[in-house]
Amino acid sequence: MYQQAVVLPNSRTLHIRVTPKCGKTTVESIICYPYKGQHEITPSAVRDLRRMGKLVNISDCEPDYRIAVVRDPVARLCSAYQDRIVIKNRERLRSHIQSWQQFLDRLEHLQHSSRDIRIHTQPQSRRLGTDASVYDRVFTTDQLSREFLEYIHEITGTCVPPVRANQTRQPFADSVSDQDRQRIRELYEVDYRYWGAYFDVS
């Protein structure tokens, strides 16, 4: 939905920008709910909207609403490591990335050599831009189960029950060392500079 807006049941349009590992699957399920009447945690959710003619190019119209979803880079990177390497072993990366420390130390190399890691760890500012003022609302992933649902109800009139998709267990997320946090802050300096005010909001 990067360059497309969703046509809501009331014919208003909503443009959402959300980066992978920032609640993207959850957001898509919530947006599809008014049309499907149920949550579907599948990659086909947005394709179904396209098939129903409920997506329009933002180059063809000015969306009525623009929102963004952000996530603290430390939690996001922990989730990417746990999901893409530990659990799913995408591109068989686990054969040479055997720990969180190796993952972080080699992250820049992985972003060049692995398409999967690049997609799931690229800076959020690449998709969101650097100007929060272009959005009507900015939500954090922690707000998807309450504030975001309230907003969707407000603009669509549809009450959507909460859903939490692809929750990746992060036993080490709260115990990431100060040194690693500083390294992540350096790697995602642009994200922290322009979106950092939202990372601590819950």
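Please read all numbers here as calculations on a predicted model, not as lab measurements. (Residues numbered from 1 in each chain as written. Predicted model: local features only at pLDDT ≥ 70, side-chain atom pairs only at ≥ 80, totals over all residues. Heavy atoms only, no water.)

Draft legend 1. Quick peek at the overall build of the chain. Within the chain one finds 10 helices and five strands. A compact globule built from 202 residues would reach a C-alpha radius of gyration of about 17 Å, and the chain, at 17 Å, matches this within 12%. Principal axes of the C-alpha set define a box for the chain whose edges measure 50 × 30 × 30 Å. In the chain, which comprises 202 residues, the share counted as buried stands at 50%. (Helix = DSSP H or I, 4+ residues; strand = E, 2+ residues; numbered from the N terminus. Rg over C-alpha atoms; globule rule 2.2 N^0.38 Å. Buried < 20%, exposed > 50% of the residue type's maximum accessible area, 1.4 Å probe, protein only.)

Draft legend 2. How the structure looks around the sheet that holds strand 1 (residues 4-7). Taken together, five strands build an open sheet; the order of strands is 3-1-2-4-5 and the sheet is mixed. One side of each edge strand has no neighbouring strand; the edge strands of this open sheet are strand 3 (55-57) and strand 5 (137-140). Between one strand axis and the next, the sheet turns through 30° on average, direction left out of account. Bridge analysis of strand 2 (residues 13-18) against strand 4 (residues 65-70) gives five bridges, and the strand direction is parallel. For Leu14, the partnering residue across the bridge sits in strand 4 and is Tyr65. Running over the sheet, helix 1 (residues 24-36) touches strand 1, strand 2 and strand 4 and is turned about 165° from strand 2. (Pairing = 2+ DSSP bridges. Axes fitted to C-alpha atoms, helices over the stretch in contact; angles between N-to-C directions. Contact = heavy atoms within 4.5 Å.)

Draft legend 3. Representation of the packing of aromatic side chains. For the structure shown, the criterion picks out nine aromatic pairs. With a centroid separation of 6.0 Å and 40° between ring planes, the pair formed by Trp100 and Phe103 is classed as tilted. You can see Trp100 and its partner Phe103 sitting in helix 4 (residues 100-105), three residues apart, about one turn around the helix. In this structure, Trp100 and Phe103 share a single accessibility class: buried. By the ring-pair criterion, three or more aromatic residues cluster together here, those being Tyr65, Phe139, Phe148 and Tyr151. Between Arg185 and the ring centre of Tyr192, over which it is positioned, the NZ or CZ distance is 4.1 Å. (Phe/Tyr/Trp six-rings, centres within 6.5 Å; stacked < 30°, edge-to-face > 60°. Lys NZ or Arg CZ within 6 Å of the ring centre and 35° of its normal.)

Draft legend 4. The arrangement of the environment of Ser95 in detail. Secondary-structure assignment places Ser95 in the loop between helix 3 (73-87) and helix 4. Judged by relative accessible area, Ser95 falls into the exposed class, the value being 54%. Here the alpha-carbon distance between Ser95 and Lys24, two residues 71 residues apart in the chain, equals 28 Å. Polar side-chain contacts of Ser95 include one of 3.4 Å to the side chain of His96. (Polar contact = N/O pair within 3.5 Å; in protein donor to acceptor, adjacent residues only side chain to side chain.)

Draft legend 5. Region of the structure containing helix 9 (residues 178-187). All of the buried residues along helix 9 are Asp180, Ile184 and Leu187. Projected down its long axis, helix 9 carries its buried residues within an arc of 60°, all on one side. For helix 9, exposure combined with an orientation more than 90 degrees from the buried face picks out Asp178 and Gln179. (Arc of directions from axis to C-beta.)

Draft legend 6. Structural detail: the packing of helix 1 against helix 8 (residues 147-156). Helix 8 packs onto helix 1 with a crossing angle of 25° between their chain directions and a minimal axis gap of 11 Å. Considering their axes alone, helix 1 and helix 8 lie roughly parallel with respect to each other. Seen along the crossing, helix 1 lies across helix 8 with a hand that is right-handed. On helix 8, the residues that touch Val27, Ile30 and Ile31 of helix 1 are Phe148, Leu149 and Ile152. Grouping the constituent residues of the contact of helix 1 with helix 8 by class yields six nonpolar, no polar and no charged. (Parallel < 35°, antiparallel > 145°, perpendicular 65-115°, else oblique. Left-handed = near helix turned anticlockwise from the far one by under 90°. Nonpolar A, V, L, I, M, F, W, Y, C, P; charged D, E, K, R; others polar.)

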